[in-house]
Amino acid sequence: MNDLNDVSPQRMRQIMGSFCSGVTIVTAQTPAGPVGFTCQSFTSLSLEPPLVTFNPSVTSTSWPRIREVGSFCVNVLGTEQQELSGTFARSGADKFAGVEHRLSDRGNPILDAALAWIDCTLHAEHDGGDHTIVVGEVHGMHAREDAEPLIFYRGGYARLGPAASLAI
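Quick caveat: nothing in here was measured; it's all calculated off a predicted structure.

**A short note on the nonpolar core**
Thinking step 1. Counting 19 residues, the largest nonpolar core has V26, F37, F54, W63, I66, F72 and I118 as its most contacted members.
Thinking step 2. Listing elements by their share of this core, those giving two or more residues are β2 (24-30), β3 (33-39), β5 (51-54), α2 (62-69), β6 (71-76), β9 (116-128) and β10 (131-143).

**Section: α2**
Thinking step 1. Those residues of α2 lying buried are S62, W63 and I66. One side of α2 carries all its buried residues, which in axial view fall inside an arc of 90°.
Thinking step 2. Summarising the contacts, the buried residues of α2 are in contact with β2, β3, β5, β6, β9 and β10.

**Section: the pattern of salt bridges**
Thinking step 1. Applying the stated criterion across every chain, the model contains four salt bridges.
Thinking step 2. As a salt-bridge pair, E80 and R144 come within 3.5 Å of each other at their nearest N and O atoms. Within this pair, whereas E80 is found in the loop between β6 and α3 (82-89), its partner R144 is found in the loop between β10 and β11 (151-153), the two being separated by 64 residues in sequence.
Thinking step 3. Classification of E80 by relative accessible area gives partly exposed; the value is 47%.
Thinking step 4. Residue D112 is joined to R102 by a salt bridge in which the shortest nitrogen-to-oxygen separation is 3.6 Å. Of the two residues, D112 sits in the loop between β8 (109-111) and β9 while R102 sits in strand β7 (residues 101-103), which places them ten residues apart along the sequence.
Thinking step 5. Beyond isolated ion pairs, a larger network of salt bridges with shared partners links E80, R144 and D146.

**Topic: the packing of aromatic side chains**
Thinking step 1. Inspection of every chain in the model, using the stated rule, returns six aromatic pairs.
Thinking step 2. Taking 5.2 Å as the distance between ring centres and 85° as the angle between the ring planes, the aromatic pair formed by F54 and F72 counts as edge-to-face. Taken together, the positions of F54 in strand β5 and F72 in strand β6 put the pair 18 residues apart, joining distant regions of the chain.
Thinking step 3. The class of F54 is buried, set by a relative accessible area of 0%.
Thinking step 4. Joined through ring pairs, the aromatic side chains of F37, F54, W63 and F72 make up one cluster.

Rules of the game
Residues numbered from 1 in each chain as written. Predicted model: local features only at pLDDT ≥ 70, side-chain atom pairs only at ≥ 80, totals over all residues. Heavy atoms only, no water. Core = buried A, V, L, I, M, F, W, Y, C linked by side-chain atoms within 4.5 Å. Buried < 20%, exposed > 50% of the residue type's maximum accessible area, 1.4 Å probe, protein only. Helix = DSSP H or I, 4+ residues; strand = E, 2+ residues; numbered from the N terminus. Arc of directions from axis to C-beta. Contact = heavy atoms within 4.5 Å. Salt bridge = Lys/Arg side-chain N within 4 Å of Asp/Glu carboxyl O. Phe/Tyr/Trp six-rings, centres within 6.5 Å; stacked < 30°, edge-to-face > 60°.

Functional significance is not addressed by these values, which are geometric in nature.
As C-alpha cells, this is what we get:
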C-alpha cells in the first residue's frame, strides 16, 4: 500500500506523470552554432504581457548556453517528431545534424516540422529547486493546423484519442 505522505522524488515522478504534457524543444542560435533541449514543463503564463514559462533542470548543459544568448524559440512537437524529442533529450551529440530549420526574426532556430513555435526573449529566471523557472516574453509565434501534438504521459509517449464533444 502506498503511503499518502510519501513525497519522495520517485513517488513525485510517478504521481505527476498522471498529468499529461506536450513536448517541446527549446532552441537558440549561439556563436558556436545552434543549441537545444527537449522540455516537457512548458506552459502559457500570461496573456498581457504575453509570457510563457518552462523549467530546465539545473544540471542542463544547454540552458546556460541559451541563457547567454538571451532569446530562444520554444518548438512544440507533433506526433511525427517522437524520435526528434529523444535526440534533443540526449547530451553530447550534434542534435541539429540533419534537422531542417530556419531562423526566426530574433535568430533562433525554428524546427521546420514543429507543430507550433513561440519566439521569446528571456524575461526572468527564478530558483525552482532542482530546476530553474524560466519566463520568456513572446515576440512571435505560429501554429500548423495539420498535425497532432506529441504527448508525454506516465513515463511514455501517448496519442490523443478520437475527438469527443464535451459539454462545458
